[in-house]
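# Residue-level structural notes
What follows is each chain in one-letter form.
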Amino acid sequence: MARIYHSRLVNASGIVDKAHKGKYAVGHFNINNLEWTKSLLEAAQASNTSIILGASEGAIKYMGGYKVVASLVNELLDALQITVPVALHLDHGQTVESCKKAIDAGFSSVMYDGSHHPFEENLSNTKEVLLYAKHYEVSVEAEIGTIGGEEDGVVGTGEIADPKEATIMVATGIDFLAAGIGNIHGPYPAGWKGLNFEALEQIQAAAKLGMVLHGGSGIPKEQVIHAISLGISKINVNTELQIAFAQATRKYIEAGKDLPENGKGFDPRKLLKPGCDAIKDTFNELTEWFGSKGKA
C-alpha cells in the first residue's frame, strides 16, 4: 500500500534526542477525539512546546481508523497554523501489521510493543517494523520488560527490564526505548513502591539513548524529575488528562449549566469547553515538570 505522506508531521527521533541531550523530557499525550487533539495542539503552540500526540489502537478504532486520525491531525496543523514540532505516534502497537497500517496512513512514529512475547520474538518483530518504518523515515519505539496494569486489553505484570536486553534491542537501530521500571498504566494503587531508579540507571547505561516512561499519570513530581535526570526523555500521559477532563465536565453539569432553562449550555461547544480547558491546564503543568515547556 502506498503511504499517505504528510510533510507537516515530524518523526519523534529528533524531538526525543534533543530532550535526552538537554536533560528534559518531551510529553507524549494520548488523543481520544477532535476536542482532545485540538486542545493539545493549541496548548503546545501557545507555549512553544514540542509535542508527541499518541493514539492507541483502541482510540484509533474509536475515532474511525488510522487514516481518520492522521488526516484529523494534519488538517488541524494547517487550520490552527501550528508551527511547533508535532509527531503522531502509534502507542502500543500490538502487531507488526498494526504498525505498518499506521505508517501507511501517515503516522510519523510508531511503537511496536512486543513485551508480552518472548524476547527473541519481540526482537524479531521489532526488526521487521524497523525495516518498514525506516523506508519512510518513521521513528520506532520498542519495549522491554513490562509496564504494569492494562492497556487496550494487554495486561502487564510489571516485570523489570533486563539491561542486557536493552543493549541487544538498541543495537537494532530503534530510536527510543520503553522499559519496565515499576511503572503502571492507569491510576497508581495505594502502596505502590515507586519507580525503580537503580534499574533505570542500569538500563540507561546499557541503552545510551532516550528512554520512555509509560504510565506517566500520577507519578509524584519529584520522582518524575529524578527519572528525567537518569535518562527518561519521553513521558506518556493519558489517564491524567482523562481525569482532568471528566472532573471539569462533572463540575459544569453538577452546576446545572447544561440545563435548557439556563441558556444553551447543552451546546457541545459549551458543554465540553471546561474539559478542554482542563486538558490545556494539565498539559501546561506537566510540561513545566518535564522541562520541555517553551523549548520547541
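Residues numbered from 1 in each chain as written. Predicted model: local features only at pLDDT ≥ 70, side-chain atom pairs only at ≥ 80, totals over all residues. Heavy atoms only, no water.

## Topic: the sheet that holds strand β9 (residues 211–213)
For clarity, the cut-off: Strands qualify as paired when DSSP identifies two bridges or more between them. Here a helix means four or more residues in a row that DSSP labels H or I, a strand means two or more in a row labelled E, and each is numbered from the N terminus. Axes here refer to lines fitted to C-alpha atoms; in helices the fit is confined to the stretch in contact. Angles between the N-to-C directions go from 0 to 180 degrees. The criterion used for residue contact is that any of the two residues' heavy atoms lie within 4.5 Å.
Taking strand neighbours around the barrel as the criterion, the eight strands line up as β1-β2-β3-β4-β5-β8-β9-β10 in a closed arrangement whose pairing is parallel. In this sheet, adjacent strand axes meet at a mean angle of 25° when their direction is disregarded. The strands touched by helix α5 (residues 96–105) within the sheet are β3 (86–93) and β4 (109–112), with β4 carrying the most contacts at an inclination of about 175°.

## Some words on the environment of E57
Quick reminder of the rule: Classification of residues uses two cut-offs on accessible area relative to the type maximum, computed with a 1.4 Å probe and protein chains only: under 20% is buried, over 50% is exposed, and between them is partly exposed.
Within the fold, E57 resides in helix α3 (residues 57–63). Judged by relative accessible area, E57 falls into the partly exposed class, the value being 23%. Considered as a pair, E57 and D91 are 34 residues apart in the sequence and their alpha carbons are 7.3 Å apart.

## What about the pairing of strand β1 (residues 26–30)?
On a regular strand, one side chain projects to one face of the sheet and the next to the other, so that they alternate. A large share of β1 lies buried, amounting to five of its five residues. Side-chain alternation along β1 places V26, H28 and N30 on one buried face and G27 and F29 on a second face that is also buried. In this sheet, strand β10 (residues 232–237) lies alongside β1 in parallel orientation, the contact comprising four bridges. Residue F29 lies in a different strand from β10, and its bridge partner there is V237. Note: β1 against strand β2 (residues 51–56), three bridges, orientation parallel. Paired with H28 across the bridge in β2 is I52.

## Concerning the nonpolar core
Across soluble globular proteins, nonpolar side chains show a tendency to be buried alongside one another. So the rule is basically this: Remark: nonpolar core denotes a set of buried residues (Ala, Val, Leu, Ile, Met, Phe, Trp, Tyr, Cys) joined through side-chain atoms within 4.5 Å.
Core analysis: the largest hydrophobic core is formed by 75 residues, its most contacted members being L40, F107, L177 and F290. Counting ten residues, the second largest nonpolar core, distinct from the first, contains A12, I15, M111 and V212.

## Notes on the UniProt feature "binding site: dihydroxyacetone phosphate" (unreviewed entry) in the protein chain
This is how it is decided: UniProt positions are given in the numbering used here, feature names are shortened, and annotations may be inferred rather than shown by experiment. Here a polar contact is taken to be a pair of N or O atoms separated by no more than 3.5 Å, where protein atoms must pair a possible hydrogen donor with a possible acceptor and residues adjacent in sequence count only if both atoms sit in side chains.
Taking the UniProt record as the reference, the feature "binding site: dihydroxyacetone phosphate" (unreviewed entry) is found at G186, G215, G216, S217, N236, V237, N238 and T239. Within the element layout of this structure, N236 appears in strand β10. What makes N236 buried here is its relative accessible area of 5%. Polar side-chain contacts of N236 include one of 3.4 Å to the side chain of H28. Here V237 lies in strand β10. Judged by its relative accessible area of 0%, V237 falls in the buried class.

## Some thoughts on the UniProt feature "binding site: Zn(2+) 2" (unreviewed entry) in the protein chain
Following the UniProt record, the feature "binding site: Zn(2+) 2" (unreviewed entry) maps to D113 and E143 here. The annotated residues occupy 31 residues of the chain but converge on a single region, no pair of C-alpha atoms lying more than 5.6 Å apart. Note on D113: relative accessible area 5%, which makes it buried. Discounting residues that sit within four places of it in the chain, D113 has contacts with H92, G93, Q94 and E143. Within the local environment of D113, its side chain forms a polar contact with the side chain of H92, the two groups lying 2.7 Å apart.

## Here we look at the pairing of β10
The element β10 is largely enclosed, with a buried count of six among its six residues. Two elements, β9 and β10, share three bridges in a ladder whose sense is parallel. The partner of L213 across the bridge, within β10, is I235.

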